[in-house]
Amino acid sequence: MKQDQVIIFDTTLRDGEQSPGAAMTKEEKIRIARQLEKLGVNVIEAGFAAASPGDFDAIQAVAGLITKSTVCSLARASENDVRRAGEAITPAMQHAEKNGRIHTFIATSKIHMENKLRMTEDQVVERAVQAVKWALEYTPDVEFSAEDAVRSEMDFLVRIFDAVIEAGATTINVPDTVGYSIPEPWGERMATLIKRVKNADKVVWSTHCHNDLGMAVANSLSAVANGARQVECTINGLGERAGNASLEEVVMAIKTRQDYFNLTTRIDATQIVPASKLVSTITGYPVQPNKAIVGANAFAHESGIHQDGVLKHRETYEIMRAEDVGWNANKLTLGKLSGRSAFRSRLKELGIELSSEDALNTAFASFKTLADKKSEIFDEDLHALVSDEFVSETSDHFKLVFLQVASQTGEVPHAVITLSDDGVEKKAEADGGGPVDATFKAIENIANSGVELQLYSVNNVTKGTDAQGEVTVRLSKGGRIVNGQGADTDIVVASANAYLNGLNKLYTKSEKLNPQL
Ligand code: KIV
Ligand code: ZN
C-alpha cells in the first residue's frame, strides 16, 4: 500500500489516561475528543471498554459524537474484551462514515507469554486470530498489536502477523511497550517485518513507543522512515510511566523536516497548543516550560545574539513559527459586559456543552465573578472555569463556604475555614508552614480523610499577575489515586478547591481506578 500520509493515532484518552491520577470522566473525554477531532487526528483511541463501566460509557459517548476521526476502543484478545469494545464503538458504526475501530492486543515476548499469560506460542497465535475474527463481527477496521514487540523474537512476530493479517486485521501495530528500544534497531525491526510478513503491503504498519529512555519520538520517527505509516502518540507525551511519543513533536518533525521524510499528516497544527492546554488543564499534568513545541519557552529567545538575529531575520534561529502551532491563538474572548448568550456561544465554539441550563447558569455566574477580578478573559480561563461544571460524575460532598488565611512575616500562617460537609456547615482552623499548608490542615480537621498528598502544583492559566492560578493536587488513599483541580485568581482559594475536588473524587463511587493493564 503506497501511502504518503502518516496516520496520527492519538491515545491520550487511553494510554495517556494510564498516567497516575489522569483518569478522566466521560465529559472530560468528550471535551478532549472534540479538540482532537478539530486537530485532525485520524484515530482517537477513546479508552479500554472492558476496563470499567465508566470507560465503556465514555467510549460510547465519544463514538456517538465524533464523525471526522475514527473512534477506537482497546481490547485484550479475549472474547469479553472484544465484544465490550465492539458494543462501545457501535454508535460510530451507525454514522455514514462507519468510523469505528477495535484495537486488540496480546503479548508476544517470551517473558510475557511465560510469566504473565502462561500460554504457549501456539495458544497466543490462536487467540490473536480468534480476537481479530470476533472484532470483525463489529467493524472491518481492526488493529492488532503485539505487546512487548520490542523484546519479542522476530520469527514469532512474523508468524503471528502473517496469521492475523490472514484473519483480516487491517493495521499491524508494533509496540515498544517498555521503552527499551533505540532508534536505529527500532527502524530496522520495522523494515524487516515489512519485508518478511506476507501481504505486508495490504495493511498499515504502526508504531507505538514509550519514553522510558527518552526516545519515544525518535524511535517513532525511525519507524516512519522505515515504512510505518501510523504513529500512536499522545498530547504532551502523556502516558504509562514516562509516557508515550508526543503527538506535537512527531507531527512537527514530519512537517518541518519534509525534506527528509517527504510525508504529510492531516493535522491542523494551529490546534496543537489549544489541545495541549486543554489536556493539561483536564489531567492536571503541567507542561514543562522547555518542552518542545508546547512549552512556554519553546519559542522564547533569551540570548541577546539570538534576539538580534530573530529581529533581523526570523529564520536565523527559528525553524518553526509559534503561530503555526497555535501560540497566540488564545484570543481575548469575553469581558465584564459580555452577556449570557455570548458566553454560551463561545463555550460552544470551544466544544464545551454544559449538561443543563442550571450548569450554564452556575458557570455564567462564576464567569461574572471572574470578570470582576480579571479584566481580560481568555479561552484558557473559560476551560479552567467550566472544569468544575463537568464534574457531574463527582460527588459534591465537600464545598468551600468560607476561607480566611492570615499570613504575615514573622508570624505562623493561620487558616479559618467553613466547609459544607454533605450539607452540614462545619468550621475549623489550623496553623501551617505556609497559607496553603494551613488551609489543607484546616480542611483535614473537618474531613479526617487519611489521604496522602502526593503532588501539589500551581500554574498560571494566562499571563499577568491577575491571571487565574490553576492548582492540581494528587491524593492517594487505599490504592486509589485522583487528581483534584481548582482555579481562582487567589491561589489559596484555588488550592482549597483543588483539595476538596480531590476529596470529592475519592468519595465518588463511579470514579474508576487507574485502568492499568
Ligand atoms: O504499550 C503497549 O504495548 C500498549 C498496547 C496495548 C498497544 O499500550
Ligand atoms: Zn502503550
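Up top you'll find the structure we're talking about.
Details of the packing of helix H14 (residues 340-349) against helix H15 (residues 357-373)
Contact geometry for H14 and H15: axes closest at 11 Å, N-to-C directions at 105 degrees. The orientation of H14 with respect to H15, classified from their angle, is roughly perpendicular. Here Arg340, Phe343, Arg344 and Leu347 of H14 come into contact with H15, specifically with Glu357, Leu360, Asn361, Ala363, Phe364 and Phe367. Classifying every residue of the contact of H14 with H15 gives six nonpolar, one polar and three charged.

As for the environment of lysine 336
Mapped onto the fold, lysine 336 is located in the loop between strand E9 (332-334) and H14. Through-space distance from the C-alpha of lysine 336 to that of alanine 371 is 4.9 Å; in sequence the pair is 35 residues apart. Sequence-distant contacts of lysine 336, that is, excluding residues within four places in its chain, are made with Lys368, Ala371 and Asp372.

Description of the site of ligand 1
The local shell around ligand 1 consists of Arg14, Asp15, Leu74, His103, Phe105, Ser145, Glu147, Asn173, Pro175, Thr177, His208 and His210. Between aspartate 15 and ligand 1, the recorded distance is 3.0 Å, taken from a side-chain N or O atom to an oxygen atom.

Topic: a nonpolar patch on the surface
Together, Leu453, Tyr456, Val458 and Ile491 make up a nonpolar patch on the protein surface, roughly 310 Å² of accessible area in all. Ranked by the residues each element gives to the nonpolar patch, the list is headed by strand E14 (residues 452-460), at three residues. The topology assignment puts leucine 453 in strand E14.

Some words on the coordination of the zinc ion (ligand 2)
The protein atoms that coordinate the zinc ion (ligand 2) are Asp15 (OD), His208 (NE2) and His210 (NE2), at distances of 2.0 to 2.2 Å. All donors of the zinc ion (ligand 2) come from a single chain, and their spacing in sequence reads D-x192-H-x1-H. Assigned by exposure class, histidine 208 and histidine 210 land together as buried.

Let's talk about the layout of surface pockets
Unoccupied space between atoms shows up once a probe the size of one water molecule is rolled over them. The space that makes up the largest pocket amounts to roughly 1,200 Å³. Looking at the lining of the largest pocket, the elements with two or more residues in it are helix H1 (26-39), helix H12 (272-283), helix H16 (379-387), E14 and strand E15 (469-477). Tallying contributions element by element places H12 first for the lining of the largest pocket, with seven residues.

Re the sheet that holds strand E12 (residues 414-421)
What the three strands build is an open sheet, ordered E11-E12-E13; its pairing is antiparallel. The open sheet is flanked by strand E11 (398-406) and strand E13 (424-431), the only strands paired with a single partner. When the angles between neighbouring strand axes are averaged without regard to direction, this sheet yields 15 degrees. When E12 meets E13, the two strands line up antiparallel, connected through eight bridges.

Re the packing of aromatic side chains
For the structure on display, the rule yields eight aromatic pairs. Ring geometry for phenylalanine 440 and tyrosine 456: centres 5.9 Å apart, planes at 75 degrees, overall edge-to-face. Here phenylalanine 440, found in helix H17 (residues 435-447), pairs with tyrosine 456, found in strand E14; they are 16 residues apart in sequence, far enough to count as distant. Note on phenylalanine 440: relative accessible area 8%, which makes it buried. Take tyrosine 456: its relative accessible area is 33%, and that puts it in the partly exposed class. Aromatic rings pair up to connect Phe144, Phe161 and Trp205 into one cluster. The ring of phenylalanine 56 has arginine 84 sitting right over it, with the charged end atom 3.9 Å from the ring centre.

Reading the values: rules and limits
Residues numbered from 1 in each chain as written. Chains lettered and ligands numbered in written order. Predicted model: local features only at pLDDT ≥ 70, side-chain atom pairs only at ≥ 80, totals over all residues. Heavy atoms only, no water. Axes fitted to C-alpha atoms, helices over the stretch in contact; angles between N-to-C directions. Helix = DSSP H or I, 4+ residues; strand = E, 2+ residues; numbered from the N terminus. Parallel < 35°, antiparallel > 145°, perpendicular 65-115°, else oblique. Contact = heavy atoms within 4.5 Å. Nonpolar A, V, L, I, M, F, W, Y, C, P; charged D, E, K, R; others polar. Near = heavy atom within 4 Å. Polar contact = N/O pair within 3.5 Å; in protein donor to acceptor, adjacent residues only side chain to side chain. Patch = residues over 30% accessible without salt bridge, like charges linked within 9 Å, V, L, I, M, F, W, Y side chains within 5 Å. Areas by Shrake-Rupley, 256 points an atom, 1.4 Å probe, with all protein chains shown as cover. Salt bridge = Lys/Arg side-chain N within 4 Å of Asp/Glu carboxyl O. Donors = N, O, S within 2.8 Å, 3.2 Å for Na, K, Ca; no water. Buried < 20%, exposed > 50% of the residue type's maximum accessible area, 1.4 Å probe, protein only. 1 Å grid on protein atoms, 1.4 Å probe; cavity = no way out; pocket = protein on both sides within 12 Å on 5 of 7 lines; lining within 4 Å. Points joined across faces, edges and corners; volume = space filled by probe spheres on them. Pairing = 2+ DSSP bridges. Phe/Tyr/Trp six-rings, centres within 6.5 Å; stacked < 30°, edge-to-face > 60°. Lys NZ or Arg CZ within 6 Å of the ring centre and 35° of its normal.

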